[in-house]
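A look at the structure
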Amino acid sequence: MAGAYNDRDGHIWMDGQMVDWRDANVHILTHAMHYASSVFEGERAYNGKIFKSREHSERLKRSAQMIDFEIPYTVDEIEAAKVEVLEKSGLQDAYVRAIAWRGAGEDMGVASARNPVRLAIAAWEWGAYYGDAKMKGAKLDISKWKRPSPETIPSHAKAAGLYMICTMSKHAAEAKGCSDAMMFDYRGYVAEATGANVFFVKDGEVHTPDPDCFLNGITRQTVIGMLREKQIKVHERHIMPEELEGFEQCWLTGTAAEVTPVGQIGDYNFEVGNLTRDIAQSYETLVRA
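In the nomenclature of an unreviewed UniProt entry, the protein chain is known as Branched-chain-amino-acid aminotransferase of Roseobacter denitrificans. Checking UniProt for the protein chain, the heading Cofactor (unreviewed entry) contains the comment "pyridoxal 5'-phosphate". Heading Sequence similarities (unreviewed entry) of the UniProt record for the protein chain holds this comment: "Belongs to the class-IV pyridoxal-phosphate-dependent aminotransferase family."

On to the environment of Ala 173, then. Tracing the chain through its elements places Ala 173 in helix 5 (residues 164-175). When the C-alpha atoms of Ala 173 and Ser 143 are compared, they prove to be 7.6 Å apart, with 30 residues separating the residues in sequence.

Here we take up the domain arrangement of the protein chain. In terms of domain boundaries, the protein chain breaks down into domain 1 (11-125) and domain 2 (138-287). Of note, the centres of domain 1 and domain 2, computed from C-alpha atoms alone, are 26 Å apart. In this complex, domain 1 contributes 18 residues to the contact, which on the side of domain 2 involves 19 residues. Taking both partners together, domain 1 and domain 2 bury about 1,600 Å²; carbon and sulfur atoms supply 64% of that area. If you look at where domain 1 meets domain 2, you find one salt bridge. Glu 258 serves as the salt-bridge partner of Arg 44, at 4.0 Å between the closest nitrogen and oxygen. Our count for the contact surface shared by domain 1 and domain 2 stands at eight residue pairs in polar contact (both at pLDDT 80 or more). Broken down by secondary-structure element, the contributors of at least two residues to the side of domain 1 that touches domain 2 are strand 3 (38-46) and helix 2 (53-66). Considering each element in turn, the side of domain 1 that touches domain 2 owes the most residues, eight residues, to strand 3. Counted by class, the side of domain 1 that touches domain 2 contains eight nonpolar, four polar and six charged residues.

Further remarks concern the side chain of Ser 63. By the secondary structure assignment, Ser 63 is in helix 2. With a relative accessible area of 1%, Ser 63 lands in the buried category. The residues contacting Ser 63, other than those within four sequence positions of it, are Val 39, Ala 157 and Lys 158.

Let's shift gears to the packing of aromatic side chains. Going through the model one piece at a time under the given rule, you end up with ten aromatic pairs. With 5.1 Å between their ring centres and 50° between their planes, Tyr 95 and Trp 124 make a pair best called tilted. In this pair, Tyr 95 is assigned in strand 5 (residues 94-102) and Trp 124 in strand 6 (residues 117-124), connecting sequence segments 29 residues apart. For the residue pair Tyr 95 and Trp 124, the accessibility class agrees, reading buried in each case.

Rules used throughout
Residues numbered from 1 in each chain as written. Predicted model: local features only at pLDDT ≥ 70, side-chain atom pairs only at ≥ 80, totals over all residues. Heavy atoms only, no water. UniProt positions renumbered as here; feature names shortened; annotations may be inferred. Helix = DSSP H or I, 4+ residues; strand = E, 2+ residues; numbered from the N terminus. Domains from an automatic or database assignment. Contact = heavy atoms within 4.5 Å. Buried area = accessible area lost by both parts, 1.4 Å probe. Salt bridge = Lys/Arg side-chain N within 4 Å of Asp/Glu carboxyl O. Polar contact = N/O pair within 3.5 Å; in protein donor to acceptor, adjacent residues only side chain to side chain. Nonpolar A, V, L, I, M, F, W, Y, C, P; charged D, E, K, R; others polar. Buried < 20%, exposed > 50% of the residue type's maximum accessible area, 1.4 Å probe, protein only. Phe/Tyr/Trp six-rings, centres within 6.5 Å; stacked < 30°, edge-to-face > 60°.

Here it is, written out as structure tokens:
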């Protein structure tokens, strides 16, 4: 499936029913469009089954609660809707997007307690997020924007508004010929890429930033579990920028990114080494099991 995302064949689940893809629209005065009152999940289906689907649905509910609204569907109902969407799409391997938002209603200011909360789920084909980077390693810029303090945002919600600086960072990176950007946090520690968590390798051990002010990704947690099963020591800790020079390998994790090797971050270079390749292959095997 190709072309603009608003002009495709297929169906999207909206508020309890399947609607034609091109008719899955919202009013221009939808609260979420003006005030970013929305949360979402990105999920991948392999061989007709969504990987860790329930964990994604549970996080969607939690994210909504963190930004002060309740999704009017249970986790079981969301799960059933995703199955319906995937079956209707006819796809075995697909990207699944669930999004909940405050819709148009009686309120059109910052407050929106009287507006309905809506939910939609779509699925489409989406290949490698970073193109051929899985072979040669992605090239990352270093963003000028920093992940903010959890005292300023609900940093553990997968909320649309938190991605504004990610979009800006990725645009700046692409303008420099990079695939993505790595961000520091408000204290100056290494944080994450714009839509993926980051891992480093040094002397056979793995180091990854402590997600105390950004999303602790489901893929991140999965990969940490895989590493520990392989008896590889994992350090979840604060990482200073000057440490980048001493790391040998690097990879990104995320539902869209899966496990993607990194060859360069700013002026720092990394090899696409054996551990990186092993984890990428092990993850591919796991999600298709």
